[in-house]
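# Geometric and topological summary
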Amino acid sequence: MDTKELQKQIERRRIFGIISHPDAGKTTLTEKLLLHGGAIREAGTVKARRNSKFATSDWMEIEKQRGISVTSSVMQFEYGGKVISIMDTPGHNDFGEDTYRILTSVDSAVMVIDAAKGIEAQTKKLFAVCRMRGIPVFTFMNKLDREARDPLELLGELEDILGMPATAVTWPIGSGLNFQGIYNILKNEIYLYKEKETLKLDGSGVSDPRLDEVITQFNLKALREEMELLEGAGYPMDEEAVLAGELTPVFFGSALADFGVTAFLEHFLDMSPAPGPRKLADGGSVLPTDPEFSGFIFKIQANMNPAHRDRLAFFRICSGEFTRGMTATLSRTGKPIKLAQSTQLMANERENVETAQAGDIIGIYDTGNFQIGDTLCTGKETIFFEPLPTFPPELFAMVAPKDTMKAKQFHKGVQQLAQEGAIQVYHNEFNEIFIGAVGQLQFEVFQYRLENEYNAPVRMTPQELTVARWVLDADKDKIKASLDSRSKLVFDRFERPLILFANQFTLSYYQEKHPDIKLTEAMDLKDPEK
Ligand code: G4P
């Protein structure tokens, strides 16, 4: 492909993830987007796969289902000339560190909010990651066909709770039984819910007298007042601020009724960024049009069959082109690796990928060479992409082999799962091992895999600790002297000290008492020695 063609292909691409609290409607919206893109033919396809997912807590079952979820991990479709990849961010029970990490591979995020509930806990956590990475966030207020909260209040909540100014692109006319449609502010059009008609308004906008005939006085009065308020006190659309992740465009609709979804999709495709430059660890960056191939691994999926140790590494191509069988350098080791087996992570079956390019995500089979955050590249100079962040776990357990004769297998398993990024591993001064996770399933998977893959059954002792902070600069004795019975000192696998606290309250109390000990919530996922 010549540079011009490559540029054209890159500009067509959009990679985004959907973030939401369970039940806000992520699956339903994904499904409607896939339907519009012609990627699926029937509603219910995505859902059917999901529903069977956790019918049993048996690990093989989980893995089997995960096998399916691997193929649906990236859903690609075309719409309006754009090639769109939706990265699946696991929800519900399988919420884990992976969920956060996927957000390091996207160029934008769609935040789905249940308009009856507003911002919920999981949305808040995922949003914080987008904020940290400067990812543009688009908001879809869902379930307007049900009784919803006041739209102005919902908009205000984005700013009050998330600290994110919001600008409305579409606006609801009533909700629930009174739901009559959506006003597209940017296009000055009304979509009527029951009539399924579009009304282009005159220059007076919502003062257009024709509205009196189709919308109830109650709804119309509210709409006109709300538009006046937004004009006076709302944030105007500012596409630069959107791209900088400093302003979120807000859309209203009903994913279930497929209403307001097209308007959302079209504006989203217009405003969301195509793959851009990617930062390097040394401060430089790589342009997607750079002819040399480069990219990084952001997720490693263990094989569903324990008899085969091979794993699937999720790889985001940041520049150049990929061709099957090519050789690239694994930057961490400096060694060449042949990328012979690769797969497209979409559709219903895994297909071998022959070629792919900057702005695509592919799966590369791994026999144990890769780690999360690894860079692969071609070219004379070896490059390193910015390290992926480590997210603070909230659940901790002390772990030990049930059978001391199995200590060797146990340590090998722990080390490998830590490398895979399946779990955080720490140790204390006495070399007792602790693991940390953001979701309970990570623990279950850990226990199951150690027993089944490494033949080392584990004894797990849950800890009454929920907050972890790395210590930036303080000596060990000083840290030790500062601890009490509700905090614990451990070290990560790079020997960096962390303090585990019982809860936020204990943390705040500690910080007040020891202002000289600097703590941080997130750390780069890298070996400081390298
Ligand atoms: P999630 O992936 O974010 O967890 O949410 P999901 O799409 O599974 O939706 C959760 C529930 O909310 C589902 O109902 C779904 O049908 C419903 N829902 C999603 N969008 C809308 C909407 O716009 N309006 C209304 N009224 N409901 C919506 P369920 O009863 O849990 O599942 P199902 O039996 O309908 O499949």
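Just above sits the structure.
Described in the following lines is the structure provided in the data block. (Residues numbered from 1 in each chain as written. Predicted model: local features only at pLDDT ≥ 70, side-chain atom pairs only at ≥ 80, totals over all residues. Heavy atoms only, no water.)

Taken together, 18 residues sit near the ligand, with D23, K26, T27, T28 and D145 positioned nearest. The separation between an oxygen atom of the ligand and a polar side-chain atom of T28 is 2.5 Å. Here R146 contributes a side-chain N or O atom positioned 3.2 Å from a nitrogen atom of the ligand. Taking 700 Å² as the accessible area of the ligand by itself, protein coverage stands at 72%. Partitioning the shell around the ligand into residue classes produces four nonpolar, eight polar and six charged. (Near = heavy atom within 4 Å. Polar contact = N/O pair within 3.5 Å; in protein donor to acceptor, adjacent residues only side chain to side chain. Areas by Shrake-Rupley, 256 points an atom, 1.4 Å probe, with all protein chains shown as cover. Nonpolar A, V, L, I, M, F, W, Y, C, P; charged D, E, K, R; others polar.)

Let us look at the sheet that holds strand β6 (residues 166–168). Taken together, seven strands build an open sheet; the order of strands is β2-β3-β1-β4-β5-β11-β6 and the sheet is mixed. Edge positions in the sheet fall to β2 (74–79) and β6, since each has one partner strand and no second. Averaged over all adjacent pairs, the angle separating strand axes in this sheet is 30 degrees, with direction ignored. Of the strands in this sheet, β1 (13–20), β2, β3 (82–87), β4 (108–114) and β5 (137–142) are in contact with helix α2 (residues 26–36), which crosses β2 at around 40 degrees. Here helix α7 (residues 151–162) sits on the sheet and contacts β4, β5, β6 and β11 (248–252); the angle it forms with β11, its principal contact strand, is near 150 degrees. (Pairing = 2+ DSSP bridges. Helix = DSSP H or I, 4+ residues; strand = E, 2+ residues; numbered from the N terminus. Axes fitted to C-alpha atoms, helices over the stretch in contact; angles between N-to-C directions. Contact = heavy atoms within 4.5 Å.)

What follows concerns the pattern of salt bridges. The full count for this structure, using the stated rule, is 18 salt bridges. A salt bridge links D360 to R13, with the nearest nitrogen and oxygen atoms 2.8 Å apart. You can see D360 sitting in the loop between β21 (355–357) and β22 (361–366) and its partner R13 sitting in strand β1, a full 347 residues away along the chain. The partner of K478 in a salt bridge is D516, with the nearest N and O atoms 2.9 Å apart. Here K478, found in helix α14 (residues 476–482), pairs with D516, found in the loop between α15 (504–513) and β32 (519–520); they are 38 residues apart in sequence, far enough to count as distant. (Salt bridge = Lys/Arg side-chain N within 4 Å of Asp/Glu carboxyl O.)

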